[in-house]
Amino acid sequence: MDSDERVCPVCGQPVETVVRRHKTLGAWVPVWTGGPCHNPGCEASDRAVEAGEDHGGAPAGKSS
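Residues numbered from 1 in each chain as written. Predicted model: local features only at pLDDT ≥ 70, side-chain atom pairs only at ≥ 80, totals over all residues. Heavy atoms only, no water.

Some thoughts on the overall build of the protein
Broken down by element type, the protein carries one helix and four strands. Listed N to C, the secondary structure of the protein is β-β-β-β-α in terms of helices and strands. Here the protein holds 64 residues, and the buried ones make up 23% of them. A sequence separation of at least 24 residues applies to 42% of the contacts in the protein between residues at least 6 apart. Counting only carbon and sulfur atoms, one obtains 52% of the accessible surface of the protein, whose full area is about 4700 Å². (Helix = DSSP H or I, 4+ residues; strand = E, 2+ residues; numbered from the N terminus. Buried < 20%, exposed > 50% of the residue type's maximum accessible area, 1.4 Å probe, protein only. Contact = heavy atoms within 4.5 Å. Areas by Shrake-Rupley, 256 points an atom, 1.4 Å probe, with all protein chains shown as cover.)

Structure (C-alpha coordinates):
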(Lines give C-alpha, C1' and ligand atoms only; values in the text may rest on other atoms or scores of the structure.)
Protein backbone atom coordinates (compact mmCIF):
# COMPACT_ATOMS: atom_id res chain seq x y z
CA MET A 1 0.00 0.00 0.00
CA ASP A 2 3.01 2.32 -0.02
CA SER A 3 2.24 3.33 -3.59
CA ASP A 4 -0.98 4.98 -2.37
CA GLU A 5 0.86 7.29 0.05
CA ARG A 6 0.50 10.94 -0.97
CA VAL A 7 3.48 13.28 -1.02
CA CYS A 8 4.00 17.03 -1.34
CA PRO A 9 5.02 17.84 -4.94
CA VAL A 10 7.46 20.53 -3.73
CA CYS A 11 9.37 18.96 -0.83
CA GLY A 12 8.48 15.26 -1.18
CA GLN A 13 7.34 14.89 2.44
CA PRO A 14 4.34 12.59 3.06
CA VAL A 15 0.99 14.34 3.45
CA GLU A 16 -2.23 12.98 4.89
CA THR A 17 -4.98 11.67 2.62
CA VAL A 18 -8.21 13.63 2.85
CA VAL A 19 -11.64 12.80 1.45
CA ARG A 20 -13.50 15.39 -0.60
CA ARG A 21 -16.84 15.13 -2.41
CA HIS A 22 -17.47 15.38 -6.14
CA LYS A 23 -20.89 15.45 -7.72
CA THR A 24 -21.26 13.05 -10.64
CA LEU A 25 -24.58 12.41 -12.38
CA GLY A 26 -26.47 13.90 -9.46
CA ALA A 27 -24.76 11.79 -6.78
CA TRP A 28 -21.97 12.82 -4.42
CA VAL A 29 -19.02 10.43 -4.64
CA PRO A 30 -15.88 10.40 -2.49
CA VAL A 31 -12.56 11.56 -3.94
CA TRP A 32 -9.36 10.87 -2.00
CA THR A 33 -6.74 13.60 -2.42
CA GLY A 34 -3.60 14.77 -0.68
CA GLY A 35 -3.98 17.20 2.18
CA PRO A 36 -1.87 20.28 2.89
CA CYS A 37 1.85 20.00 3.59
CA HIS A 38 2.74 20.50 7.25
CA ASN A 39 6.49 20.86 6.69
CA PRO A 40 7.37 24.33 8.07
CA GLY A 41 10.27 24.71 5.63
CA CYS A 42 8.21 23.92 2.52
CA GLU A 43 7.24 26.86 0.33
CA ALA A 44 4.04 25.08 -0.76
CA SER A 45 3.00 24.95 2.89
CA ASP A 46 3.07 28.76 3.04
CA ARG A 47 1.17 29.15 -0.25
CA ALA A 48 -1.53 26.66 0.78
CA VAL A 49 -2.16 28.53 4.02
CA GLU A 50 -2.41 31.88 2.20
CA ALA A 51 -4.56 30.60 -0.67
CA GLY A 52 -6.63 28.13 1.37
CA GLU A 53 -5.85 25.31 -1.04
CA ASP A 54 -4.41 21.83 -0.69
CA HIS A 55 -1.81 19.98 -2.71
CA GLY A 56 -0.07 16.65 -2.72
CA GLY A 57 -2.70 14.85 -4.74
CA ALA A 58 -0.28 12.60 -6.61
CA PRO A 59 0.46 9.22 -5.03
CA ALA A 60 4.09 8.52 -4.11
CA GLY A 61 6.18 7.08 -6.91
CA LYS A 62 3.83 8.26 -9.62
CA SER A 63 4.34 11.50 -11.47
CA SER A 64 1.66 13.34 -13.41
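Right, picking up where we left off after that structure.
Some points on the pairing of strand β4 (residues 27-34)
For strand β3 (residues 17-24) and β4, the ladder comprises eight bridges, and the chain directions are antiparallel. Directly across from Thr-24, in β4, lies its bridge partner Ala-27. Between the end of β3 and the start of β4, which pair antiparallel, lie two residues, with Leu-25 showing a positive phi angle near 50°. (Pairing = 2+ DSSP bridges.)

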